[in-house]
Amino acid sequence: MATDIVAQLADCLAKTGVEEGELSYKGQGRKLDTAQSVEEIVKEIQDFQGLQALRLEGNTVGVEAAQAIAKALETKNEFKCCYWSDMFTGRLRSEIPPALNSLGDALLTAGARLTVLDLSDNAFGPDGVKAIEKLLKSSACHTLQELRLNNCGMGIGGGKILAASLIECHKKSSAEGAPLSLKLFIAGRNRLENDGATALAQAFQLMGSLEEVHMPQNGINHAGVTALATAMQHNADLRVLNLNDNTFTKKGAIAMAQALKHLRNIQVINFGDCLVRSEGAMAIAETVSDGLPILKELNLSFGEITEEAAVALARAVKGKAQLEKLDLNGMHTHICTEREREDNLSSEYTLKGEPEDDDEEEEDDEEEDEDEEEVDEEEVSTPPSTPRPPDVSSFLSFPSPDKLLKLGAKRALLIEQHVDVADAMKTAEAFLKISSVYKEENEDVKNAVLDSIDAILKKAFAAPSFQGYSFVSSLLVLLGLIKSEDKVKPVLVVPGHLQALEHIVRQDYFPKESVAVLEAFMSRTRWIF
């Protein structure tokens, strides 16, 4: 029975558009090479009245197939959302630009007004950005609200093309009386570096409408960080700022601390792995103490900060009523005493350290900070690497198979300790993040995923206060199958989610009544699409 339910759920997720006006082929793993291979898709597009969104992620689309799909889109003038991430797996890099050109031209012909453009996980490089340049500058993108270009390998050149396109789009849309008001920008793992980040900062400052910015792992140093800090000041509605794993140093951290003073709506700050150093951390602590009234998360892990700076941060967040998480893992100092923890931190905050190698380390850090201006840019961008303890927070923020395996043999225990299983929604979110990296063909990753989800769900369902119904409801909301009054944004569903779901319903710890809830939901005649 459980397997049948999961099969039904998988079928619905794979074949049915969850949102009104959406046609979805996501996660089906189709290899679409020729016009003949997409005949079914083309017909469904043509027959779909009022098509607003097309999901092609998780398939691989060749040039001829893309041209056929594009032809079908030319009449869809209500079209708004392109969910086209992970769409060119196994394709030659030279195949991607002509495919994107065809699809972009079709949207222009249709007179589409886009709100979402998602091309993440397509390693198209600068040439791919050039292929969407015309689209980005056109009226089709004057209404764009979400631009997702994570892990596309844009490089500095691609970053500059993208920035120029956004600036041109803003200029043209402003002339028509409705300026481009981008709200979400995602471009992690793109090797943007300082020049790319600085170019994009100009576009961000001009728009002034951003609510979420995610640019982790881009090789950005203090010059690029400072440019971004200046731009962020002009985006007063910014709620989430994620620059994880770039290299701030104290210059960039201090500049960002000054920018944060202008951002009273900020809720999530992720500067983990950013080498903010103690002086930068102290500046951020001062900003947090004086403002940021609705701050929920602050991550300054692995930033080479001293105990003094860590305690200052703990004190700064102590009165923040909405704070859920303070992450100071990997401090460059000794472990705080129990008294310090008791005086300055609640049990919800994470404050871990590493033993000092040498009594003069703090003095050396201060001298290093003083000499920072004279340090060569290349040296700053590649600080000496040191062994790091397992970091569950980093994995859950940006899940990957490699990060999960690096948590080591005790990964299941570490994750179990990290996840707040008393909260059904947080437990469901953790389940989906862990299962997203599931790989059937990789036995090590597969076992690591299943062991980890078993650990958190066993603990959750064993707790007398845990509500299995709430967990299942949260899962269905996050999978996009039912709507939430809280307007929770569904995740991008991948095959790993379905594999993990099939696994857990077979386990003894998963209550029969929760399976029954799934069965009852699947048997309902009225779906919220």
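One can find the structure itself at the top, above this paragraph.
Figured I'd write up the structure that's included with this text. (Residues numbered from 1 in each chain as written. Predicted model: local features only at pLDDT ≥ 70, side-chain atom pairs only at ≥ 80, totals over all residues. Heavy atoms only, no water.)

### Some points on the overall build of the chain
Item 1. Helix and strand counts for the chain come out as 22 helices and 13 strands.
Item 2. Of all 529 residues assigned to the chain, the portion counted as buried reaches 53%.
Item 3. Sequence separation of 24 or more characterises 81% of the internal contacts of the chain that already satisfy a separation of 6 or more. (Helix = DSSP H or I, 4+ residues; strand = E, 2+ residues; numbered from the N terminus. Buried < 20%, exposed > 50% of the residue type's maximum accessible area, 1.4 Å probe, protein only. Contact = heavy atoms within 4.5 Å.)

### Here's the deal with the pattern of salt bridges
Item 1. This structure, assessed with the given rule, holds 20 salt bridges.
Item 2. Here Arg 55 makes a salt bridge to Glu 57, at a shortest N to O gap of 2.6 Å. Pair check on accessibility: Arg 55 and Glu 57 agree, each one buried.
Item 3. Members of the salt-bridge network, linked through shared partners, are Lys 31, Asp 33, Arg 91 and Glu 95. (Salt bridge = Lys/Arg side-chain N within 4 Å of Asp/Glu carboxyl O.)

### Some words on the environment of Gly 158
Item 1. Examined against the element boundaries, Gly 158 turns out to sit in helix 6 (residues 155-175).
Item 2. Excluding its chain neighbours within four sequence positions, the residues that come into contact with Gly 158 are Pro 126 and Val 129.

### Considerations on the packing of helix 8 (residues 222-232) against helix 9 (residues 249-260)
Item 1. Interhelical geometry of helix 8 versus helix 9 gives an angle of 5° and a closest axis separation of 8 Å. With respect to each other, helix 8 and helix 9 are oriented roughly parallel. In this structure, helix 8 contributes His 222, Val 225, Thr 226 and Ala 229 to the contact, and helix 9 contributes Thr 249, Lys 251, Gly 252, Ala 255, Met 256 and Ala 259.
Item 2. Grouping the constituent residues of the contact of helix 8 with helix 9 by class yields 5 nonpolar, 4 polar and 1 charged. (Axes fitted to C-alpha atoms, helices over the stretch in contact; angles between N-to-C directions. Parallel < 35°, antiparallel > 145°, perpendicular 65-115°, else oblique. Nonpolar A, V, L, I, M, F, W, Y, C, P; charged D, E, K, R; others polar.)

### Digging into unusual backbone geometry
The phi torsion of most residues other than glycine is negative, and most of the peptide bonds are trans.
Item 1. Located in the positive-phi region is Asn 151, a residue other than glycine, with phi close to 60°.
Item 2. Asn 151 sits in the partly exposed class, given a relative accessible area of 26%.
Item 3. Even without glycine at this site, Arg 277 takes up a positive phi of about 60°.
Item 4. Looking at the secondary structure, you find Arg 277 in helix 10 (residues 277-290).

### Describing the sheet that holds strand 11 (residues 268-270)
Item 1. Pairing is parallel in the open sheet, where 11 strands are placed in the order 1-3-5-6-7-8-9-10-11-12-13. Two strands close off the open sheet at either side, each with one partner strand: strand 1 (22-24) and strand 13 (325-327). For this sheet the average axis-to-axis angle between neighbouring strands, irrespective of direction, equals 5°.
Item 2. Bridge count between strand 3 (residues 53-55) and strand 5 (residues 81-83): 3 bridges; the pairing is parallel. Paired with Leu 54 across the strands is Cys 82, a residue of strand 5. (Pairing = 2+ DSSP bridges.)

### Considerations on the nonpolar core
Item 1. In terms of nonpolar packing, the biggest core is built from 110 residues, with Trp 84 and Phe 271 touching the most fellow members.
Item 2. Ignoring any residue separated from it by four or fewer positions in sequence, one finds Phe 271 in contact with Leu 241, Leu 243, Phe 248, Met 256, Leu 260, Val 276, Ile 284, Asn 299, Leu 300 and Ser 301.
Item 3. By size, the runner-up hydrophobic cluster in this structure holds 43 residues, among which are Leu 396, Val 419, Phe 471 and Leu 475. (Core = buried A, V, L, I, M, F, W, Y, C linked by side-chain atoms within 4.5 Å.)

### Considering the packing of aromatic side chains
Item 1. Counted according to the given criterion, the structure contains 7 aromatic pairs.
Item 2. Ring plane angle 65° and centroid distance 4.9 Å describe the contact between Phe 185 and Phe 204, whose orientation is recorded as edge-to-face. Of the two residues, Phe 185 is situated in strand 8 (residues 184-186) and Phe 204 in helix 7 (residues 193-207); the sequence distance between them amounts to 19 residues.
Item 3. Using a relative accessible area of 0% as the deciding quantity, one classes Phe 185 as buried.
Item 4. Looking at Phe 204, the relative accessible area reads 0%, which means it is buried.
Item 5. Between the aromatic rings of Phe 248 and Phe 271, the centroid separation amounts to 4.9 Å while the plane-to-plane angle is 50°, which identifies the pairing as tilted. Of this pair, Phe 248 sits in the loop between strand 10 (240-242) and helix 9 while Phe 271 sits in the loop between strand 11 and helix 10; the two residues are 23 residues apart in sequence, bridging distant segments of the chain.
Item 6. Ring-pair connections join several aromatic residues into one group, and the members of that group are Phe 431, Phe 461, Phe 471, Tyr 509 and Phe 510.
Item 7. Between the NZ or CZ atom of Arg 55 and the centre of the ring of Tyr 83, over which it lies, the distance is 3.8 Å. (Phe/Tyr/Trp six-rings, centres within 6.5 Å; stacked < 30°, edge-to-face > 60°. Lys NZ or Arg CZ within 6 Å of the ring centre and 35° of its normal.)

### Some words on the packing of helix 6 against helix 7
Item 1. For the pair helix 6 and helix 7, interaxial distance at closest approach is 8 Å and the crossing angle is 10°. Considering their axes alone, helix 6 and helix 7 lie roughly parallel with respect to each other. Listed contacts from helix 7 to Ile 156, Gly 159, Lys 160, Leu 162, Ala 163, Leu 166, Ile 167 and His 170 of helix 6 are Glu 193, Asp 195, Gly 196, Ala 199, Leu 200, Gln 202, Ala 203, Leu 206 and Met 207.

### A look at helix 3 (residues 63-73)
Item 1. Inspection of helix 3 places Ala 65, Ala 66, Ala 68, Ile 69, Ala 70, Ala 72 and Leu 73 among the buried residues, and these make up the whole buried set.
Item 2. The inward-facing, buried residues of helix 3 abut strand 2 (31-32), helix 2 (39-47), strand 3, strand 4 (60-61) and helix 4 (96-110).

### Topic: helix 7
Item 1. Relative to the 21 Å expected for 15 residues at 1.5 Å per residue, helix 7 spans 21 Å between its end C-alpha atoms, a close match to the ideal helical length.
Item 2. Among the residues making up helix 7, those that are buried are Asn 194, Gly 196, Ala 197, Ala 199, Leu 200, Ala 201, Ala 203, Phe 204 and Met 207.
Item 3. Phi turns positive, to about 65°, at Gly 208, one or two residues after helix 7. (Expected span 1.5 Å × (residues − 1).)

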